[in-house]
Amino acid sequence: MSYARALRCRKCGREYPVQPLSLCDFCLSPLEVSYDYKAMAGVVSREKLAGGPLSMWRYRDLLSVEGEVVDIGTGFTPLVKADNLGRELGLDRLYIKNDCLNPTYSFKDRPVSVAVTKAREFGFDTIACASTGNLAASVAAHAAKANMKSYVFVPSNVEPGKLVGIAIYNPVLVTVDGSYDDVNRLCTRIVERYNWGFININLRPYYAEGSKTLGYEVAEQLGWRAPDCVVAPAASGLSFTRIWQGLDELSMLGLIEPVNTHMYLSQAAGSSPIVNAFQAGSLHVHPVAPDTIAKSIAIGNPADGYYALRVVRQSGGGACAVTDEELINGMKLLAQTEGIFTEAAGGVVVGALRKLAASGVIKKNELTVAFITGAGPRTQETVSDIVQPFTVQPCLESFEEVVGVRV
Amino acid sequence: MAKRQVTFTFPQELIREPIIYTLSHQFKVVTNIRRADVSENRGWVVLELEGEEKDLEQGIAWVTSKGVRVDPVIGDIVEG
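If you're wondering where the values come from, they're calculated on a predicted model, not measured in any experiment.

So, how was this worked out
Residues numbered from 1 in each chain as written. Chains lettered and ligands numbered in written order. Predicted model: local features only at pLDDT ≥ 70, side-chain atom pairs only at ≥ 80, totals over all residues. Helix = DSSP H or I, 4+ residues; strand = E, 2+ residues; numbered from the N terminus. Buried ≥ 20, exposed ≤ 12 C-beta atoms within 10 Å, placed from the backbone. Contact = placed C-beta atoms within 7 Å. Pairing = 2+ DSSP bridges. Axes fitted to C-alpha atoms, helices over the stretch in contact; angles between N-to-C directions. Nonpolar A, V, L, I, M, F, W, Y, C, P; charged D, E, K, R; others polar. Core = buried A, V, L, I, M, F, W, Y, C linked by C-beta atoms within 7 Å. Domains from an automatic or database assignment. Parallel < 35°, antiparallel > 145°, perpendicular 65-115°, else oblique. Right-handed = clockwise from strand over helix to strand, strands pointing away.

**Q** Can you break down the overall build of chain A residue by residue, with the values?
**A** From N to C terminus, chain A includes 15 helices and 13 strands. A total of 407 residues make up chain A; the buried ones form 56% of that total. Here the contacts in chain A between residues at least 6 apart in sequence split such that 67% fall between residues at least 24 apart.

Structure follows, in structure tokens:
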């Protein structure tokens, strides 16, 4: 049994029974899962959590699921001390949360694992999503594990090579002949007509929950404390808010000291509506038309932008955008200092980290965690220019002459 | 009758135009505003639209053609 007691509107506070629903009927604002924290506090402890499985499901008591979970082995990914990168950036206490190492190579396995578990509890036999990469792969993989049917909607202009990592799990793959906006509109119609669990529409409050485990894990891996600074990417802004919420909940439950973490949000300059609003001093996030190679975080109209901005402000953090050139440099720097091949979103994080450290916003001795949320191989075309091999004849003389090494 | 939950984002030059009034009268679309923030520079309105399918389609197409950005209230659904 979980400690979820209702869905609550994040704006007006109205409550609804736990069901597949994402918007408040009154003010059309997003709903979130509300818990009985008092009862939860009575059963969770550091020792109990630490004794759980080495996956995100060690935090099951803090999530909203009731029965058997749909788990493909997600979570408890490494938190590595990044001394080489830290030296490069002038940060003495830098850590990387390497969430590339999830089963489908991105953090999306966390929210999807919760959402698909809830979908099965609600009696859906079909789940669906619209995505160009990470989310789609995760949904299709979890559907396979849960013996459910899945539909994945993709704009038709997505490169066919990107679809292999989705199609391998055998979803019903639908390419839509239209723009991203057209796909958005189609999916809102589909969710009205079909009795499906649509991962980021009617299952969104539960989908959101999974990302809290990023915050839980980091705190536990740091020896039950929150970092001084967090740098994380933002697309819809949802996971950014949930990293913060994860830390906040641990504090509320008495498992860590009060949280004083500064939350820094990073976006690609070609799709940075949340950063724009932060810099303009506005709380309204005006939509933009994305134009960046960081496709996995290119959301022009972020559903949780307002809430991500609030987290930035309340935590005394900031927001930072980096150009495509800066993010590519960030990808290369992370690979060449820490041995971690991230996708473009990780390059955005490293690019932002560099700027924040160089400007003194993040101090040298602050314990900083950078969240690397997806692996590079799925989108390796973004750095294909890195391949510049030496070409030699199959003899030692040629090797030594061309490569320039001598015994 | 069908429903749509949408956000209208108005650029500065359209703030003074009665777009929502015209939408409801010209296209037989019932407009129900739930949240809004409009200043002299720009504004957004979250609203529910109700009407026959073709009236909704035509009405939204007209609003878009006037230069107002229309998005599903749930935000972008296509994720990376």
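**Q** Lay out the overall build of chain B with the relevant residues and their values.
**A** Counting its secondary structure elements, chain B contains two helices and four strands. Summarising its shape, the C-alpha atoms of chain B cover approximately 40 × 35 × 25 Å along the three principal directions. Burial analysis of chain B (80 residues in total) assigns 34% to the buried set. Put simply, of all contacts in chain B between residues at least 6 apart along the chain, 66% involve residues at least 24 apart.

**Q** I'd like a description of the sheet that holds strand β11 (residues 262–268) of chain A, backed by residues and values.
**A** Residues and elements named next belong to chain A. Strand order in the open sheet formed by six strands is β4-β5-β13-β10-β11-β12, with mixed pairing between adjacent strands. Either end of the sheet is taken by a strand with one partner, and the two such strands are β4 (79–81) and β12 (318–322). On average, each strand axis in the sheet is inclined to that of its neighbour by 25°, with strand direction left out of account. Sheet strands in contact with helix α10 (residues 238–252) are β10 (229–233), β11 and β13 (368–372), and its direction is about 155° off that of β10.

**Q** So what's going on with the sheet that holds strand β3 (residues 43–51) of chain B? Residues and values would help.
**A** Residue and element names in this part refer to chain B. Taken together, four strands build an open sheet; the order of strands is β2-β3-β1-β4 and the sheet is antiparallel. Lying at the two open borders of the sheet, with one neighbouring strand each, are β2 (30–38) and β4 (69–72). For this sheet, the mean inter-axis angle between neighbouring strands, taken without regard to orientation, is 25°. Two strands pair when backbone bridges link them, and strand β1 (residues 2–10) and β3 are joined in this way by nine bridges, in the antiparallel orientation. Bridging from a neighbouring strand, Thr7 pairs with Val46 of β3.

**Q** Explain the interface of chain A and chain B to me, and be specific about the residues and the numbers.
**A** Chain A puts 34 residues into the contact, and the matching count from chain B is 19 residues. Elements with a minimum of two residues in the side of chain A that touches chain B: α5 (134–146) and α7 (180–193) of chain A. Of all the elements, α7(A) adds the most residues to the side of chain A that touches chain B, at six residues. Residues that form the side of chain A that touches chain B fall into these classes: 18 nonpolar, 14 polar and two charged.

**Q** How would you sum up the environment of Asn329(A)? Please name residues and give values.
**A** Looking at the element boundaries, Asn329(A) is found in helix α13 (residues 324–338). The spacing of Asn329(A) and Phe76(A) is 253 residues in sequence and 28 Å in space, taken between C-alpha atoms.

**Q** Which residues make up the pairing of β2(B), and what are the values?
**A** All names here are of chain B. With eight bridges connecting them, β2 and β3 associate as antiparallel partners. What sits directly across from Asp37, in β3, is Trp44. With antiparallel pairing between neighbouring strands as the criterion, β2 and β3 make up a hairpin whose turn holds four residues.

**Q** Could you give an account of the nonpolar core, with specific residues and numbers?
**A** Residue and element names in this part refer to chain A. Judged by nonpolar contacts, the single largest core of 150 residues is most densely connected at Leu265 and Val349. Among the elements that line this core, the one with the most residues is helix α14 (residues 344–358), at nine residues. In terms of domain composition, this core takes at least three residues from each of domain 1 (4–44 + 108–206) and domain 2 (79–106 + 211–386). Dropping the residues within four chain positions of it, Leu265 is found in contact with Ala232, Ala234, Phe240, Ile274, Val275, Ala308, Val312 and Ala319.

**Q** Account for helix α15 (residues 396–403) of chain A, naming residues and giving values.
**A** Little of α15(A) is tucked away: zero of the eight residues are buried. A positive backbone phi angle near 80° is found at Gly404(A), which sits one or two residues after α15(A).

**Q** Give me unusual backbone geometry: which residues, what numbers.
**A** Of note in this structure, Asn147(A) is not a glycine but carries a positive phi near 55°. Residue Asn147(A) is classed as exposed on the basis of its 9 C-beta neighbours within 10 Å.

**Q** Quick one: what's the story with the packing of α13(A) against α14(A), residue by residue and with numbers?
**A** All names here are of chain A. For the pair α13 and α14, interaxial distance at closest approach is 7 Å and the crossing angle is 95°. Judged by the angle between their axes, α13 and α14 are roughly perpendicular. Together, Glu326, Leu327, Ile328, Asn329, Gly330, Met331, Leu333 and Leu334 of α13 and Ala344, Gly346, Gly347, Val348, Val350, Gly351 and Arg354 of α14 make up the contact between the two elements. Looking at the contact of α13 with α14, its residues break down into eight nonpolar, five polar and two charged.

**Q** Account for the pairing of β11(A), with residues named and values stated.
**A** Where a strand is regular, its side chains alternate between the two sheet faces. All names here are of chain A. Counting buried residues along β11, six of its seven residues qualify, which places the element largely inside the surrounding structure. Read as a crossover between parallel neighbours, the route from β10 over α10 to β11 is right-handed. Here β11 pairs with β12 via five bridges, running parallel. Bridging across to β12, Ala268 finds its partner in Val322.

**Q** Kindly report on the domain arrangement of chain A, identifying the contributing residues and their values.
**A** Residue and element names in this part refer to chain A. Split by domain assignment, chain A resolves into domain 1 (4–44 + 108–206) and domain 2 (79–106 + 211–386). Centre-to-centre separation of domain 1 and domain 2, based on C-alpha positions: 23 Å. Listed by partner, the interface residues are 18 residues for domain 1 and 17 residues for domain 2. In the side of domain 1 that touches domain 2, the residues fall into eight nonpolar, five polar and five charged.

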